[in-house]
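What the coordinates show
Letter by letter, the chains look like this.
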Amino acid sequence: MGNKNTEQLNLMHSGKGFIAALDQSGGSTPKALLQYGVAENQYTNDEEMYTLVHEMRTRIIKSPAFDSQYILGAILFENTMDRKIDGQWTADYLWEKKHIIPFLKVDKGLAETANGVQLMKPISGLNESLDRAVERNIFGTKMRSVIKEANPEGIRDVVAQQFEVGKQIFSKGLIPIIEPEVDIYSPDKEKSEQILKQEIQKQLNELDKEVKVMLKLSIPTVNDFYKDLISDPHVVRVVALSGGYSREEANQKLSQNQGLIASFSRALSEGLTANQSDEDFNAELKETIKGIYQASIT
């Protein structure tokens, strides 16, 4: 690990703040743009759509509110990694201008539900993506699966798949964020979380000593339920997804879990629109960021 990586690793492990998830991609992009006030009739193809998304992300990243005092890292999707902000690759801009650690979303979406879970689809070209991520000075990656029912076999498969790919990612010198999301609307959410924690602990116990991972989990039903995962020597940080809660509700639940920090996407961009003046946009974003930060440090 180079000096920069060691600095980033220490910051991610013990810095104060949260991770901004700017990685909605593919299918969810029109939705993200719509929320931002850009209708589907304002672009005619994917290239135009991604350019508009990059303008939205750039506006967020360049905002004075998007500040390393509150934000430790930002998760990008591939298209953002491969574009530039003010002539610099996005990841370089984030680290060099903002001192915010860049991550890359690497999964290719979810498979159909089986055994009460959605595994990740096979990640085609993963090695190539990881090599490009290293070249682009990305620090870590993120990949998501979803757990809908407390099905022990399904949950075991989700965690096994995540860790298997996670080890491949770590071998490239990147820190994987393992994200087995538990559906917040699942009737047996708490039971799913119990099984999930056991499976994660099993996998952590089998890792080689030097392997480091991060975990991105739904805010647990029982407060401080992930405390022992937070203190595991393999775990750099445990972050929480907002999972469909409103920002207020997500912040409130998060603040009851010590050591758990936010990694919100939808809740981060709530209330931001394309036609806001920069002043209004920055003020809105600042409020949001302070609220999420507050919930992450309590």
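Residues numbered from 1 in each chain as written. Predicted model: local features only at pLDDT ≥ 70, side-chain atom pairs only at ≥ 80, totals over all residues. Heavy atoms only, no water.

1. Considerations on unusual backbone geometry
The condition that has to hold: What counts as a helix is a DSSP run of H or I of at least four residues, what counts as a strand is a run of E of at least two, and both are numbered from the N terminus.
With a phi angle near 60 degrees, His99 is a residue other than glycine that sits in the positive phi range. The residue His99 is located in the loop between helix H5 (90–98) and strand S5 (101–105) in this model. Unusually for a residue other than glycine, Asn115 sits at a positive phi of about 55 degrees. Tracing the backbone shows Asn115 in the loop between S5 and strand S6 (117–118).

2. Let's talk about helix H12 (residues 278–297)
Note the threshold: A helix's residues, less one, multiplied by 1.5 Å, set its expected span. Relative accessibility decides the category of a residue: with a 1.4 Å probe and only protein chains considered, values under 20% of the type maximum give buried, values over 50% give exposed, and everything between is partly exposed. Directions pointing from the helix axis toward each C-beta atom define the arc. Contacts: residue pairs with any heavy atoms within 4.5 Å of one another.
For H12, built from 20 residues, the straight-helix expectation of 28 Å at 1.5 Å per residue is met to within 8% by its first-to-last C-alpha distance of 28 Å. Listed in full, the buried residues belonging to H12 are Phe281, Leu285, Thr288, Ile289, Ile292, Tyr293, Ala295 and Ser296. Viewed end-on, H12 has its buried residues packed into an arc of 160 degrees, placing them on one side of the element. Residues of H12 that are exposed and point over 90 degrees away from its buried face: Glu279 and Glu287. On its buried side, H12 packs onto strand S1 (18–22), helix H3 (46–62), strand S2 (71–76), helix H10 (247–254), strand S11 (261–264) and helix H11 (266–269).

3. Focus: empty space enclosed by the protein
As a reminder, the rule being used: Cavity: a set of points on a 1 Å grid over the protein atoms alone where a 1.4 Å probe fits but cannot get out. Pocket: an open set with protein on both sides within 12 Å along at least five of seven lines, its lining residues, like those of a cavity, having an atom within 4 Å of a point. Grid points are joined across faces, edges and corners, and a volume is the space filled by probe spheres set on the points. As a working rule, the residues Ala, Val, Leu, Ile, Met, Phe, Trp, Tyr, Cys and Pro are called nonpolar, Asp, Glu, Lys and Arg charged, and the rest polar, with Gly in that last group.
By the definition in use, this model includes two cavities of 30 Å³ or more. Of the volumes computed, that of the largest cavity is approximately 50 Å³. Sorting the residues of the lining of the largest cavity by element identifies S1, H3 and H11 as the ones contributing at least two each. Looking at the lining of the largest cavity element by element, the count peaks at three residues for H3. Within the lining of the largest cavity, the residues separate by chemical class into five nonpolar, three polar and one charged. Taken as a whole, the second largest cavity holds about 30 Å³ of empty space. What lines the second largest cavity is Ala32, Gln35, Tyr36, Met56, Ile60, Ser269 and Leu272.

4. Some words on the packing of aromatic side chains
The condition is simple: When the centres of two rings from Phe, Tyr and Trp lie within 6.5 Å, Trp using its six-membered ring, the rings pair. Their planes under 30 degrees apart give stacked, over 60 give edge-to-face, and anything left gives tilted. Only when the NZ atom of a Lys or the CZ atom of an Arg is both within 6 Å of the ring centre and within 35 degrees of the ring normal do we say a charge sits over the ring.
Considering all chains together, one arrives at five aromatic pairs under this definition. Look at Tyr36 and Phe281: their rings are 6.5 Å apart centre to centre, the planes differ by 80 degrees, and that puts the pair in the edge-to-face class. Of the two residues, Tyr36 is situated in the loop between helix H2 (29–35) and H3 and Phe281 in helix H12; the sequence distance between them amounts to 245 residues. Grouping residues by exposure puts Tyr36 and Phe281 together as buried. Between Tyr70 and Tyr293, the ring centres sit 5.0 Å apart and the planes meet at 80 degrees, which makes this aromatic pair edge-to-face. Here Tyr70 is found in the loop between H3 and S2, whereas its partner Tyr293 is found in helix H12, with 223 residues between them in sequence. You can call Tyr293 buried: its relative accessible area is 13%. Over the ring of Phe281 we find Arg59, and its NZ or CZ is 4.0 Å from the ring centre. Here Arg136 stacks its cationic end above the ring of Trp89, 3.7 Å away from the centre of that ring.

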